[in-house]
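# Coordinates in review
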Amino acid sequence: MLHPTRVILPILLAVAAAYGQGGFLQPLPRNQWDRAAATHLLARAGFGATPEQIERCYALGLEGAVDALLNYDALTYTPPPPELPSIIRQAPGRTIVTMNPEQRREAAQERIRAERIGHQEIRLWWLERMIQSPRPLEEKMTLFWHGHFTSGAREVRRAQFMLEQNELLRRHALGDFRSLLLGISRDRAMLVYLDNARNRRQQPNENYARELLELFTLGEGQYTEADVKAAARAFTGWTFDDDGFVFRRAQHDDGPKTFLGKTGRLGGEDVIDQILAHPACSRHLARKLAEFFVTPQPERELVERLAAQLRRHNYALKPVLRTLFLSRAFYAPQVRGALVKSPVELIVGTARRLGVPIERLRDAERTLAALGQELMQPPNVKGWNGGSHWINTATLHLRYNAIGNLIQGDGAGRRPARPAAHDEDLADDESPESTMAGPGMRAGGAGGRSRLTAGHQTAYDPLSVLKARNLTTPGEIVDFYCAHLLARPLSAAKRQALMDYLDQEGRFHVAAREAATQIRQMIHLLCSTPEFQMH
């Protein structure tokens, strides 16, 4: 008869070997940290980087590079705030009681215009941050939380509230999940978007409680309808006034409730604590993080180990992401190039990789909307579907053209600069000509100008980049940009096609007058491959 240890031991060894080979959360061996790994880290934990930034990241070593990304508080970054019309900081209706009907109509129209301009300015302000910030992980996590704790500007209708929510998500980007959950439960945009501002003891509203359980924390099948009703009662009286969140005790149901097996006079914070104690919560968040940063279909073991890290660190995000970004699972060959770039990752990422400023923020923002990712306006409470949903026959063509315009510019003087856009433009002009995929980009960047001010999109300058590296032959140039811009190598046939395009009739010379144009066109072709759509 076999001794039990002779049966169990080989199994344990096999599992241990599998973890060792498969990676999961074991640290990446130092000898596997190379420039490709640094490029991968900066693409996933940020939006991508220039060759110089990749070189500096590589030189830091794996732990140094990950810590530099995580400890972004050490870097000062204070971009100009969004320029909001002063009226939107005031509560509507304060002075309206003294107006006649005509004055009320005019005041209402003025308010609508101001809110529309405010929403636009905040979107551009955030887009500018994603393009320019030296703290890319901060903005990447803000984008992650924006897709997780969805709110829509058109439903909220208050630009100030959307700005507050964006700042809340950024402030807690790498903090602890409990504080973020508590903050979002008290956030004015969320209180409007999911109706908890109208959740009263006399008439409970279950919208926020239902999405809190299904989408934000536990996932379907982990709670009952009675839990939803109990949670809704616990959040009664959570509303807001002109100054922010308020708890109206008179509207709160202080009676006994049973939620996820716990009974008592539970309030909103009790519900949050009970949710965090449920094992499904850590798994739900771990899966969302793994899908966002690693692979669209994470292995069960990766999710479980990431969930265990969340519980171990009491839902503090920074140590959990540090473990993930150091892990073999994060750098496994099969996950590189496995995620479809979202429109934000495509546009912002290309600009950051090539070091090309986006001079026309307004058109870039419109392009994102046309590609299916309108900032501060996800399609519904579930957020964006992402993944393969980002690409269809219409958006693929638009993706190609948008990147082409970013690389090749609009041609100085091809279209005159426009003055600041009128508010009517902000709502209605969605023609192809008003996006980066049209004849040219417009709208402005920062640097003392309004974010709505028009400007010219300058072309990418490849010659200075190549000269600094002494790259002159078609093969060297194609290989350089493939390594820099793609997560996976091109096939030999595609590589040869790009070299042939660059070296038509064997007469390419990097010092020739038309060389820069030829190289830009080659890069545009490279960026039109399926491989470039992934990261």
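Up top is the structure.
## Description of the packing of aromatic side chains
Going through the model one piece at a time under the given rule, you end up with 20 aromatic pairs. Arranged with centres 5.0 Å apart and planes meeting at 70 degrees, the rings of Phe149 and Phe216 form a pair that is edge-to-face. In this pair, Phe149 is assigned in the loop between helix 6 (136-148) and helix 7 (153-156) and Phe216 in helix 11 (residues 207-217), connecting sequence segments 67 residues apart. For the pair shown, Phe149 and Phe216 are each scored as buried. If you follow Arg158 out to its NZ or CZ, it ends over the ring of Phe161, 4.5 Å from the centre. The aromatic ring of Phe532 is capped on one face by Lys341, whose charged end is 3.5 Å from the ring centroid.

## Overview of the environment of Leu361
Relative to the assigned elements, Leu361 resides in helix 19 (residues 361-370). Once the C-alpha coordinates of Leu361 and Leu127 are considered, the two residues, 234 residues apart in sequence, prove to be 7.5 Å apart.

## Let's talk about the pairing of strand 1 (residues 238-241)
On a regular strand, each side chain points to the face opposite its neighbour's, so the side chains alternate between the two faces of the sheet. Across four bridges, strand 1 lies against strand 2 (residues 244-247) in antiparallel orientation. Pairing of Thr239 across the sheet is with Val246, part of strand 2. The antiparallel pairing of strand 1 with strand 2 creates a hairpin that spans two residues between the two strands.

## Quick word on unusual backbone geometry
One non-glycine residue, Asn314, lies in the positive phi region at around 55 degrees. Structurally, the position occupied by Asn314 is in the loop between helix 15 (300-312) and helix 16 (317-326). Its identity as a non-glycine residue notwithstanding, Asn470 has a phi of 55 degrees, on the positive side. Tracing the backbone shows Asn470 in the loop between helix 22 (462-469) and helix 23 (474-485). What makes Asn470 exposed here is its relative accessible area of 61%.

## Regarding the nonpolar core
Core analysis: the largest hydrophobic core is formed by 146 residues, its most contacted members being Leu41, Phe325 and Tyr481. For this core, the element with the most residues is helix 5 (residues 101-132), which contributes eight residues. If we ignore the near neighbours within four places in the chain, the residues touching Tyr481 are Tyr460, Pro462, Val465, Leu466, Leu486, Ile519, Met522, Ile523 and Leu526.

## Re the packing of helix 6 against helix 8 (residues 159-171)
Interhelical geometry of helix 6 versus helix 8 gives an angle of 120 degrees and a closest axis separation of 8 Å. It follows from the interaxial angle that helix 6 and helix 8 lie oblique. Crossing of helix 6 against helix 8: the hand is right-handed. In contact with Glu138, Glu139, Thr142, Trp145 and His146 of helix 6, helix 8 contributes Asn166, Leu169 and Arg170. In the contact of helix 6 with helix 8, the residues fall into two nonpolar, three polar and three charged.

## Let's talk about the environment of Ala197
With respect to the secondary-structure elements, Ala197 resides in the loop between helix 10 (188-193) and helix 11. Along the sequence, Ala197 and Thr236 sit 39 residues apart, while their C-alpha atoms lie 8.5 Å from each other. In contact with Ala197, not counting residues within four places along its chain, are Leu191, Trp238, Thr239 and Phe240.

Definitions and limits used
Residues numbered from 1 in each chain as written. Predicted model: local features only at pLDDT ≥ 70, side-chain atom pairs only at ≥ 80, totals over all residues. Heavy atoms only, no water. Phe/Tyr/Trp six-rings, centres within 6.5 Å; stacked < 30°, edge-to-face > 60°. Helix = DSSP H or I, 4+ residues; strand = E, 2+ residues; numbered from the N terminus. Buried < 20%, exposed > 50% of the residue type's maximum accessible area, 1.4 Å probe, protein only. Lys NZ or Arg CZ within 6 Å of the ring centre and 35° of its normal. Pairing = 2+ DSSP bridges. Core = buried A, V, L, I, M, F, W, Y, C linked by side-chain atoms within 4.5 Å. Contact = heavy atoms within 4.5 Å. Axes fitted to C-alpha atoms, helices over the stretch in contact; angles between N-to-C directions. Parallel < 35°, antiparallel > 145°, perpendicular 65-115°, else oblique. Left-handed = near helix turned anticlockwise from the far one by under 90°. Nonpolar A, V, L, I, M, F, W, Y, C, P; charged D, E, K, R; others polar.

By themselves, these are just geometric observations and shouldn't be taken as functional.
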